[in-house]
Amino acid sequence: MVASKPSKLATISKKVFYGDKKLASVTLKSSKLTSSKVGVGAFKGIKSTCTFKVPSKKVSAYKKIFKTKGAGSKITVKKA
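All figures in this text were calculated on a predicted structure; none of them were measured in a lab. (Residues numbered from 1 in each chain as written. Predicted model: local features only at pLDDT ≥ 70, side-chain atom pairs only at ≥ 80, totals over all residues. Heavy atoms only, no water.)

Details of the environment of Lys 78
Applicable threshold: Only DSSP runs of H or I covering at least 4 residues are called helices, and only runs of E covering at least 2 are called strands; the numbering of each starts at the N terminus. Between buried and exposed lies partly exposed: a residue is buried under 20% and exposed over 50% of the maximum accessible area for its type, with that area taken using a 1.4 Å probe on protein chains only. Residues are treated as being in contact if the distance between any of their heavy atoms lies within 4.5 Å.
Its location among the elements puts Lys 78 in strand 3 (residues 76–79). Of the residues examined, Lys 78 reaches a relative accessible area of 40% and is grouped as partly exposed. Each C-alpha atom of the pair Lys 78 and Ser 56 lies 7.4 Å from the other, and the pair is 22 residues apart in sequence. In contact with Lys 78, other than residues within four places in its own chain, are Thr 51, Phe 52, Lys 53, Val 54 and Val 59.

What follows is the structure, given as C-alpha coordinates:
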(Lines give C-alpha, C1' and ligand atoms only; values in the text may rest on other atoms or scores of the structure.)
Protein backbone atom coordinates (compact mmCIF):
# COMPACT_ATOMS: atom_id res chain seq x y z
CA MET A 1 0.00 0.00 0.00
CA VAL A 2 1.51 3.29 -1.08
CA ALA A 3 -0.13 6.62 -0.40
CA SER A 4 0.84 9.81 -2.18
CA LYS A 5 1.32 11.64 1.13
CA PRO A 6 2.11 8.87 3.65
CA SER A 7 3.10 11.25 6.45
CA LYS A 8 -0.47 12.60 6.51
CA LEU A 9 -2.19 9.26 7.11
CA ALA A 10 -4.67 9.88 9.91
CA THR A 11 -6.98 6.83 9.88
CA ILE A 12 -6.96 3.13 9.08
CA SER A 13 -10.36 1.63 8.25
CA LYS A 14 -11.82 -1.32 10.12
CA LYS A 15 -10.81 -4.73 8.79
CA VAL A 16 -8.60 -3.15 6.10
CA PHE A 17 -5.94 -5.89 6.40
CA TYR A 18 -8.27 -8.49 7.94
CA GLY A 19 -7.12 -12.03 7.17
CA ASP A 20 -4.16 -11.00 5.01
CA LYS A 21 -1.79 -13.86 5.90
CA LYS A 22 0.78 -12.57 3.38
CA LEU A 23 1.14 -9.14 5.00
CA ALA A 24 4.74 -9.34 6.21
CA SER A 25 5.76 -5.68 6.51
CA VAL A 26 4.05 -2.32 7.02
CA THR A 27 5.82 1.05 7.02
CA LEU A 28 4.01 4.04 8.50
CA LYS A 29 5.50 7.52 8.41
CA SER A 30 2.57 9.19 10.13
CA SER A 31 2.63 10.15 13.80
CA LYS A 32 -1.07 11.01 13.81
CA LEU A 33 -2.67 7.62 14.48
CA THR A 34 -4.56 7.03 17.70
CA SER A 35 -6.52 4.03 18.88
CA SER A 36 -9.80 5.72 17.97
CA LYS A 37 -8.54 6.34 14.43
CA VAL A 38 -7.70 2.69 13.72
CA GLY A 39 -10.74 0.55 12.96
CA VAL A 40 -11.76 -2.57 14.83
CA GLY A 41 -10.05 -5.69 13.48
CA ALA A 42 -7.83 -3.69 11.11
CA PHE A 43 -4.96 -6.15 11.63
CA LYS A 44 -6.84 -9.28 12.73
CA GLY A 45 -5.60 -12.40 10.97
CA ILE A 46 -2.46 -10.88 9.45
CA LYS A 47 0.81 -12.82 9.37
CA SER A 48 1.76 -13.46 12.99
CA THR A 49 5.35 -12.29 12.45
CA CYS A 50 4.49 -9.08 10.59
CA THR A 51 6.97 -6.23 11.04
CA PHE A 52 5.75 -2.66 11.46
CA LYS A 53 8.16 0.22 10.87
CA VAL A 54 6.97 3.42 12.51
CA PRO A 55 8.31 6.84 13.62
CA SER A 56 10.78 6.40 16.49
CA LYS A 57 8.67 8.36 18.98
CA LYS A 58 5.62 6.15 18.31
CA VAL A 59 7.03 2.61 18.65
CA SER A 60 5.49 1.84 22.03
CA ALA A 61 2.16 3.57 21.40
CA TYR A 62 1.68 2.04 17.97
CA LYS A 63 2.59 -1.44 19.19
CA LYS A 64 -0.21 -1.20 21.73
CA ILE A 65 -2.65 0.08 19.09
CA PHE A 66 -1.80 -2.65 16.58
CA LYS A 67 -2.25 -5.39 19.16
CA THR A 68 -5.60 -4.03 20.35
CA LYS A 69 -6.75 -3.85 16.73
CA GLY A 70 -6.06 -7.53 16.07
CA ALA A 71 -2.35 -7.99 15.39
CA GLY A 72 -0.91 -10.97 17.25
CA SER A 73 1.56 -10.94 20.10
CA LYS A 74 4.47 -11.98 17.84
CA ILE A 75 4.48 -8.81 15.71
CA THR A 76 7.55 -6.61 15.67
CA VAL A 77 7.27 -2.83 15.87
CA LYS A 78 10.47 -0.88 15.29
CA LYS A 79 11.83 2.49 14.17
CA ALA A 80 11.51 3.20 10.46
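Some words on the sheet that holds strand 3
The following threshold applies: Think of it this way: DSSP has to see at least two bridges between two strands before they count as a pair. Orientation is described by lines fitted to C-alpha atoms, with helices fitted over the stretch in contact, and by angles between N-to-C directions that extend from 0 to 180 degrees.
Here we have three strands laid out as an open sheet, ordered 1-2-3, and parallel in their pairing. Either end of the sheet is taken by a strand with one partner, and the two such strands are strand 1 (25–27) and strand 3. Taken over all neighbouring pairs, the strand axes of this sheet differ in orientation by 20° on average, direction set aside. One ladder, built from four bridges, connects strand 2 (residues 51–54) with strand 3; its direction is parallel. In the strand pairing of strand 3, Thr 51 is matched with Thr 76. Most of the contacts of helix 1 (residues 59–68) go to strand 3, to which it runs at about 155°, and overall it touches strand 2 and strand 3.

A look at the side chain of Thr 51
Locating Thr 51 in the fold gives a position in strand 2. In this structure Thr 51 touches Ala 24, Ser 25, Val 26, Thr 76 and Lys 78, once residues within four positions along its chain are discounted.

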